[in-house]
Amino acid sequence: MGIEELLGQYGDMYGTALLTTWWMTIVSYAGAMALALVLTIMRVCPIRPLRMFADFFVQVFRNIPGISLLIITVYALPKLDVIFPYDICVIVTTILIASAFGSENFMSGINTISVGQIEAARSLGLTFGQMLRQVVIPQALRSVVLPMTNLLIAVMLTTAIASQVPMKPPELTGLVSYINTRSTGGITTFLISALCYVGTAVFIGYVGNKLDKKVRILR
Amino acid sequence: MSEPIIEEHVPMVEYRHVHKHYGSLHVLNDINLTVEPGEVIVVIGPSGSGKSTLIRTANRLETIDAGEILIEGLPLPEEGKQLARVRAEVGMVFQSFNLFAHKTVLDNVIMGPVSVLGVNKKEAEEEAAALLRRVGVEEQAHKVPAQLSGGQQQRVAIARSLAMHPKVMLFDEPTSALDPEMINEVLDVMVELARGGMTMVVVTHEMNFAKRVSNRVLFMADGQIIEEGTPEQFFDNPQTDRARDFLESIKTH
């Protein structure tokens, strides 16, 4: 099958698949960022058990292959009577993994803030929470735009694990399997999905760069 | 005849037998010190003598191992809200300025009053503008710290500290990171503060500053205050060999 024939027959499905990949990416990334922020605050807070828990969490989910974790959420959780739809399983899996990486990014962002600024905030009488909100988090956020842009692209690529579960409608990678079990699209089927991924990634990278230039802190 | 009214006398800052160790280094060794309201004290001494540690313990940026530190007669709280409250009353100016890099100069100055004292933003901005004018950097109000010279940044840091209306201000080598031509612009601000009656403890090697405005000079070495006196006594007629050697060493360059 040539590209025209493929698009003629499956064009709508590619469109739906691209949208599916997009929304899963956006939801996963939003969830991962929120969780990463919470984890990071736990990792720098004065309460030791919280620090230890968050460090442990990051170590675990940074080091599990996405596909293994997906198998756990899809096939193991139902044994505990926790049954999520497939798309939610994929999103939960992606959030858990991406939040671990996101927290590592935030930690490196926090490390760019000099100890002196923390001491200055303490000297002014700011509480720990005020110091986080006004000094630490804004600077950490602004200095991690580029790594977080990369993470967004990684999240998009991670949603391809959805191809391993029978999601309806399939996302970009799942669609490739879907088509290739029904027709003989071969490598061209991959190519179209790949172009969708690359196009999105290039756009994300462009926006990320712009944003970084705008918010980067002069030092 | 009526009894004279005896005003209870409370020192601004008081150290009682304060000790601190960094591992095997005895960085503060039995420090006893009383800072009276309105007094300007200069702490001088070779590097590693404990002078920075001394003033950093006064708002508990450094903890102590033994002894007691009192601010206006009350023991320094160990943590939490009470400690934050004391810190709000004790101003601190650092060697490396430590301005908040992501905030404009104006926002640096209003952060404390707005967040800690609960002053409304507009009032805080008006006062901040006045303070920036007083230290001579009003034109930089809307720039970020990295766009300012070191001397300007340090003057902003002083304004930021003043915005909290501190009862006492601590200066940790405020001019040591500055290029020579910027030292005086910072010292001038400090001189004006001292003459305005601010209680100050200043770690510095600027002898001229010490001579112009300080009431007392403390000489520290090996974690101890080994000599103290008026600036005239200390600089013109040091009593200990350590102090004499030290003064020689800083005069030669």
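Predicted model only: the values in this text are computed from it and were never measured.

Asker: Can you explain the environment of Ala201(A)? Please cite residues and give values.
Answerer: Residues and elements named next belong to chain A. With respect to the helices and strands, Ala201 occurs in helix α9 (residues 187-215). Residue Ala201 is classed as buried on the basis of its relative accessible area, which comes to 18%. Non-local contacts of Ala201, meaning those with residues more than four positions away in its chain, are made with Ile153 and Met156.

Asker: A description of α9(A) should follow, citing residues and the corresponding values.
Answerer: Helix length check: α9(A) (29 residues) gives 41 Å between terminal C-alpha atoms against 42 Å at 1.5 Å per residue, within 8%. Every buried residue belonging to α9(A) is among Thr188(A), Thr189(A), Ile192(A), Ser193(A), Cys196(A), Tyr197(A), Thr200(A), Ala201(A), Ile204(A), Gly208(A) and Asp212(A), and all of these are buried.

Asker: Please set out the packing of aromatic side chains residue by residue, giving values where relevant.
Answerer: Summed over all chains, the structure comprises 5 aromatic pairs over all chains. For the ring pair Phe53(A) and Phe57(A), a centre distance of 6.3 Å and an interplane angle of 50 degrees mean the geometry is tilted. Of this pair, Phe53(A) and Phe57(A) both sit in helix α2 (residues 48-62), separated by 4 residues, roughly a single helical turn. With relative accessibility at 13%, the residue Phe57(A) sits in the buried group. These aromatic residues form a ring-pair network of at least three members: Phe219(B), Phe234(B), Phe235(B) and Phe246(B).

Asker: So what about the interface of chain A and chain B? Which residues, and what values?
Answerer: The interface is formed by 20 residues belonging to chain A together with 26 residues belonging to chain B. Of the roughly 1,900 Å² buried between chain A and chain B on both sides combined, carbon and sulfur atoms contribute 62%. Taken together, the connections running from chain A to chain B amount to 1 salt bridge. For Arg56(B), the salt bridge identified is with Glu119(A), shortest N-O distance 2.6 Å. Viewed at the interface, chain B and chain A are joined by 9 residue pairs in polar contact (both at pLDDT 80 or more). Where the side of chain A that touches chain B is concerned, the elements lending two or more residues are α5 (115-124) and α6 (128-143) of chain A. Per-element accounting of the side of chain A that touches chain B gives the leading share, 8 residues, to α5(A). Split into classes, the residues belonging to the side of chain A that touches chain B amount to 8 nonpolar, 8 polar and 4 charged.

Asker: Describe the pairing of strand β3 (residues 40-44) of chain B, naming the residues involved and giving the relevant values.
Answerer: All names here are of chain B. In terms of residue burial, β3 counts as a mostly covered element, since 5 of its 5 residues are buried. Alternating positions in β3 separate into two faces, Val40, Val42 and Ile44 on one and Ile41 and Val43 on the other, with burial throughout. When β3 meets strand β8 (residues 199-203), the two strands line up parallel, connected through 4 bridges. Of the residues in β8, the one forming a bridge with Ile41 is Val201. Bridge count between β3 and strand β9 (residues 216-221): 4 bridges; the pairing is parallel. Looking at β9, one finds that Val43 is bridged to Leu218.

Calculation notes
- Residues numbered from 1 in each chain as written.
- Chains lettered and ligands numbered in written order.
- Predicted model: local features only at pLDDT ≥ 70, side-chain atom pairs only at ≥ 80, totals over all residues.
- Heavy atoms only, no water.
- Helix = DSSP H or I, 4+ residues; strand = E, 2+ residues; numbered from the N terminus.
- Buried < 20%, exposed > 50% of the residue type's maximum accessible area, 1.4 Å probe, protein only.
- Contact = heavy atoms within 4.5 Å.
- Expected span 1.5 Å × (residues − 1).
- Phe/Tyr/Trp six-rings, centres within 6.5 Å; stacked < 30°, edge-to-face > 60°.
- Buried area = accessible area lost by both parts, 1.4 Å probe.
- Salt bridge = Lys/Arg side-chain N within 4 Å of Asp/Glu carboxyl O.
- Polar contact = N/O pair within 3.5 Å; in protein donor to acceptor, adjacent residues only side chain to side chain.
- Nonpolar A, V, L, I, M, F, W, Y, C, P; charged D, E, K, R; others polar.
- Pairing = 2+ DSSP bridges.

Worth remembering: the numbers are spatial, not functional.
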